[in-house]
Amino acid sequence: VSIDGETAIIRVAGRYDLVKTMVVDKELKSALQSGCQKILVDFGETKFSDSSVNRQLKKVRSMVGGDNFKIINCTGAVLKSMQTARLDKVFNIQ
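Given the structure is predicted, the values throughout are model-derived calculations rather than measurements.

Colleague: Explain helix α1 (residues 18-33) to me, and be specific about the residues and the numbers.
Modeller: The terminal C-alpha atoms of α1 lie 23 Å apart, and with 16 residues this matches the ideal 22 Å at 1.5 Å per residue to within 8%. Looking at α1, one finds that the buried residues are Thr21, Val24, Leu28 and Ala31. In an axial view of α1, the angular spread of the buried residues amounts to 85°, which keeps them on one side of the axis. Exposed and oriented more than 90 degrees from the buried face of α1 are Val19, Lys26 and Gln33. Packing partners of the buried residues in α1 comprise β1 (2-4), β2 (7-11), β3 (14-16), β4 (38-42) and α2 (51-64). Count one or two residues on from α1 and you reach Gly35, which has phi positive near 115°.

What follows is the structure, given as structure tokens:
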């Protein structure tokens, strides 16, 4: 997780799974406590995500609100996972 102004940017290379969600959770909590109000999830380097990621993203979106939550560069297996869970209808995916 990196911070750009009031935006926390999540980037996970390779596999984004249960183990990585725990790391991201800790970093996100810190970013939100430091004043970040927006979340940007960049899946550009992510090759795989599992259902734990979907749960995490729903939780984070509810924390910051839909207008403050965006997903970008979501393709391949990651996009397929989102579509299977019908999250492409819920999230702002660009």
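Next, the rest of the story.
Colleague: Please set out the pairing of β4 residue by residue, giving values where relevant.
Modeller: Inspection of the sheet shows β2 paired to β4 by five bridges, in the parallel sense. Bridge assignment links Arg11 to a residue of β4, and that residue is Asp42. Sheet analysis places β4 next to strand β6 (residues 69-72), joined by four bridges and oriented parallel. Residue pairing for β6: Val41 is matched across the bridge by Ile71.

Colleague: Please give an account of the pattern of salt bridges that cites residues and values.
Modeller: Tallied over the full model, the rule gives five salt bridges. When the shortest N-O distance is used, the salt bridge between Asp42 and Arg11 registers 3.4 Å. Here Asp42 is found in strand β4, whereas its partner Arg11 is found in strand β2, with 31 residues between them in sequence. A residue is classified by how much of its surface remains accessible, and Asp42, at 13% relative accessible area, is buried. According to the relative accessible area criterion, Arg11 is partly exposed, its value standing at 47%. With its nearest N and O atoms 3.8 Å apart, the salt bridge here joins Lys59 to Asp25. Taken together, the positions of Lys59 in helix α2 and Asp25 in helix α1 put the pair 34 residues apart, joining distant regions of the chain. Classification of Lys59 by relative accessible area gives partly exposed; the value is 37%. Taking relative accessible area as the criterion, Asp25 reaches 21% and is therefore assigned partly exposed.

Criteria and thresholds
Residues numbered from 1 in each chain as written. Predicted model: local features only at pLDDT ≥ 70, side-chain atom pairs only at ≥ 80, totals over all residues. Heavy atoms only, no water. Helix = DSSP H or I, 4+ residues; strand = E, 2+ residues; numbered from the N terminus. Expected span 1.5 Å × (residues − 1). Buried < 20%, exposed > 50% of the residue type's maximum accessible area, 1.4 Å probe, protein only. Arc of directions from axis to C-beta. Contact = heavy atoms within 4.5 Å. Pairing = 2+ DSSP bridges. Salt bridge = Lys/Arg side-chain N within 4 Å of Asp/Glu carboxyl O.

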